[in-house]
Amino acid sequence: MVRIETEAKGGEVEEMVQIRTETNGDIEAVRQVHLAAFGGREDESRLADRIRESAGFVPELSLVAEADGGVVGHMLISKAELVDGQDATDTLVLAPIGVLPDAQGRGVGGALIREGIRRAEQLGYKLIFLIGHPSYYPKFGFKPAVDSGLVLMQFDVPDDVFMVRELAEGELARLAATRKEKYGELKYPQTFFA
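Cut-offs and rules
- Residues numbered from 1 in each chain as written.
- Predicted model: local features only at pLDDT ≥ 70, side-chain atom pairs only at ≥ 80, totals over all residues.
- Heavy atoms only, no water.
- Helix = DSSP H or I, 4+ residues; strand = E, 2+ residues; numbered from the N terminus.
- Rg over C-alpha atoms; globule rule 2.2 N^0.38 Å.
- Contact = heavy atoms within 4.5 Å.
- Areas by Shrake-Rupley, 256 points an atom, 1.4 Å probe, with all protein chains shown as cover.
- Phe/Tyr/Trp six-rings, centres within 6.5 Å; stacked < 30°, edge-to-face > 60°.
- Buried < 20%, exposed > 50% of the residue type's maximum accessible area, 1.4 Å probe, protein only.
- Pairing = 2+ DSSP bridges.
- Arc of directions from axis to C-beta.

Colleague: Can you walk me through the overall build of the chain in this structure?
Modeller: Per the secondary structure count, the chain includes four helices and 10 strands. Element order for the chain, N to C, with α for helix and β for strand: β-β-α-α-β-β-β-α-β-β-β-β-α-β. On C-alpha atoms alone, the chain measures out to a radius of gyration of 17 Å, which is about the 16 Å that the 2.2 N^0.38 rule sets for 194 residues. Each principal axis of the C-alpha distribution contributes one length, and for the chain these read about 50 × 35 × 30 Å. Of all intrachain contacts in the chain linking residues separated by at least 6 positions in sequence, the fraction that spans at least 24 positions is 66%. Looking at the chain as shown, the accessible area adds up to about 9,800 Å², and 48% of this sits on carbon and sulfur atoms.

Printed below as a string of structure tokens:
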């Protein structure tokens, strides 16, 4: 469990937030976080439910942010595949992530991301991919994946929103040096398309 202090708009410490592993008792609260964070849209909460039931679920990488005894944020990192010709290796993808509207802008999402990165490194993973806002995620070490010869064919998104974060130093260079195909392709599991 990690404790962080969040800031109010004036810069003073507002509250203590704990980042911890999600438990079964958090599932309904997590659904409510995603519903509120995404304006009532159910896609993200349903995605989290499907990932929990899939082979790609990594329990240690499903994190909640808790303040005043309630869940205010959730982030999930799960398995995907990086494909090079006929070869595929496990990698990670970050999605979904959501923070209650009243808790946004206070560093809760950033704390979830940093703890997820730290745990993924400890578990021995080498890369995390995401589709996200190009002005937000680079501060956590994410960069456009296409710059490293990696592509995403399953979703039609601009190159600057498909990003990768290296967890093992030199991993992107190693992949580039050993690649059999012109590009490596990230493949999200079917869980993301149900």
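Colleague: Whenever I open this one, the packing of aromatic side chains confuses me. Can you help?
Modeller: Per the counting criterion, the structure on display carries seven aromatic pairs. Every member of this aromatic cluster is reached through a ring pair, and the members are Tyr136, Tyr137, Phe140 and Phe142.

Colleague: Help me understand the pairing of strand β9 (residues 162-166), please; the structure alone is not making it clear to me.
Modeller: Sheet faces and side chains relate simply in a regular strand, where the side chains alternate between the two faces. Within β9, four of the five residues are buried, which leaves it mostly tucked inside the rest of the structure. Across five bridges, the pairing between strand β6 (residues 127-131) and β9 is antiparallel. Looking at the pairing, Leu130 lines up with Met163 of β9. Here strand β7 (residues 143-144) runs beside β9; their pairing, made up of two bridges, is antiparallel. Across the sheet, residue Pro144 finds its bridge partner in β9, namely Met163.

Colleague: Looking at this structure, how should I read helix α4 (residues 171-178)?
Modeller: In an α-helix there are 3.6 residues to a turn, and that puts residues three or four apart on one side. Looking only at α4, the buried set comprises Glu171, Leu172 and Leu175. Summarising the axial view, the buried residues of α4 lie within an arc of 100°, below the 170-degree limit, and thus occupy one face. Along α4, the residues that are exposed and aim more than 90 degrees away from the buried face are Ala173 and Ala177. In this fold, the buried residues of α4 make contact with β4 (70-84), β6, β7, β8 (150-152) and β9.

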